[in-house]
Protein chains: 2
Amino acid sequence: MNKEDMLRLDSQLCFSIYACSREVIGLYRPLLDALEITYPQYLVLLVLWEQKQSTVKELGKKLYLDSGTLTPMLKRMEANGLVNRFRSKEDERTVLVSLTEKGETLKEKAYCIPEELIAKSGLTVEETKDMLRRLQALLGQLHNLKD
Amino acid sequence: MNKEDMLRLDSQLCFSIYACSREVIGLYRPLLDALEITYPQYLVLLVLWEQKQSTVKELGKKLYLDSGTLTPMLKRMEANGLVNRFRSKEDERTVLVSLTEKGETLKEKAYCIPEELIAKSGLTVEETKDMLRRLQALLGQLHNLKD
DNA sequence: GATATTTTAATTGTGCGCAACTTAATTGCC
DNA sequence: GGCAATTAAGTTGCGCACAATTAAAATATC
């Protein structure tokens, strides 16, 4: 395979990966619009619906985002009444993030999102789980490559 | 599967898809930094290296980007001396984008990108092609879902 | 126990991504 | 030909991403 073909292959891969993630976000958008949240905000809420409270650092680790992204985003979410932010008493450096009543309640409306998307995609739950497994394997590989 | 488990599955999928595309871009970043271009600019150049000239509309179709994203990006690339932009004579609405000498030359430096990444990933060319096929199939499915 | 190092958020600045809107050219239709 | 509808870019405004820097608290080292 010559270098011209290699570059063409790279180009197709770059296009596909880029477009895929944006298509997925585009699928969620109308559903998330109904909850008046964005996709990254949905990710934060998904974490908080699981564990009620988190720190900025922990959110960053789970979502692969840094404070430069999270701080303004969490401030917007606070302004929209979804979360509370306050400094930890034990360690004044860390900021704790928790759900408000409104943020908690939003979970009820969110249950329909995976249901609608799975229905729309025509995938079975097992097929979806399999896709997840492959994605997570890929993510693990990618993460290790950075060494 | 109850709705709680469905939401958990959705959450893992959302995290994985989001993180994957950002990890990939992160892999390219150091290589693209050397060329002083960003990932989306690399995508534009990949198109122009293939066909020398394109329109904003055509670029948007290939990269799934609209003029609100492309116009300022192409202006930055023009300011960096990578591309020329000019209105078509036949149809004054359309803007043609072509490579400058500098943009053309950059291709030589870009050949090493797919080589380095394939080497780093440990994948064979065949495995990479297979991954591309699966990605393109997924992209096609996703695109059809919007109906 | 004072000082250097590390850790955690916040801030600043640049570049997308996209919705909504505007402007200007072209096409359709009568 | 004249006018409405369509099409292609551009503009505006907001929300991420992320690099680089700063500020403040905690920890390590001596």
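Sequence order as written defines residue numbering, which begins from 1 separately in each chain. Here every chain gets a letter starting at A, and every ligand a number starting at 1, in the order they are written. Note on the predicted model: pLDDT of at least 70 is required for a residue's local features to be given, and 80 or more for side-chain atom pairs to be given and counted; whole-chain, interface and lining totals, by contrast, use all residues. Side-chain measures here rest on the full set of heavy atoms in the structure, leaving out hydrogens and waters.

Draft legend 1. Representation of the pattern of salt bridges in the model. Residue and element names in this part refer to chain B. One speaks of a salt bridge when a side-chain nitrogen belonging to Lys or Arg is within 4 Å of a carboxyl oxygen belonging to Asp or Glu. Applying the stated criterion to the full structure yields 18 salt bridges over all chains. The closest approach of N and O atoms between D5 and R8, which form a salt bridge, is 3.3 Å. Pair noted here: D5 and R8 are both in helix α1 (residues 3-35), with a separation of three residues, about one helical turn. Only protein chains enter the calculation, and the probe is 1.4 Å; a residue is then buried if its accessible area is under 20% of its type maximum, exposed if over 50%, and partly exposed in between. For D5, a relative accessible area of 32% corresponds to the partly exposed category. With a relative accessible area of 32%, R8 lands in the partly exposed category. Linking D130 and R133 is a salt bridge whose minimum nitrogen-to-oxygen distance equals 3.9 Å. Placement of both D130 and R133 in helix α7 (residues 125-145) is noted, with a separation of three residues, approximately one turn of the helix. We count a stretch as a helix when DSSP gives it H or I for four or more residues in a row; a strand needs E for two or more, and each element gets its number in order from the N terminus.

Draft legend 2. Main features of the packing of aromatic side chains. Pairing of aromatic rings covers Phe, Tyr and the six-membered ring of Trp, with a centre-to-centre limit of 6.5 Å; geometry is then stacked below 30 degrees between planes, edge-to-face above 60, and tilted otherwise. This model, assessed by the stated rule, comprises eight aromatic pairs over all chains. Look at Y28 of chain A and Y39 of chain A: their rings are 5.4 Å apart centre to centre, the planes differ by 75°, and that puts the pair in the edge-to-face class. In this pair, Y28 of chain A is assigned in helix α1 (residues 3-35) and Y39 of chain A in helix α2 (residues 39-51), connecting sequence segments 11 residues apart. In terms of burial, Y28 of chain A and Y39 of chain A fall into one category: buried. Taking the centre distance of 6.4 Å and the plane angle of 70° together, the rings of Y42 of chain B and W49 of chain B count as edge-to-face. A network of ring pairs unites the aromatic residues Y18 of chain A together with Y28, Y39, Y42 and W49 of chain B as a single cluster.

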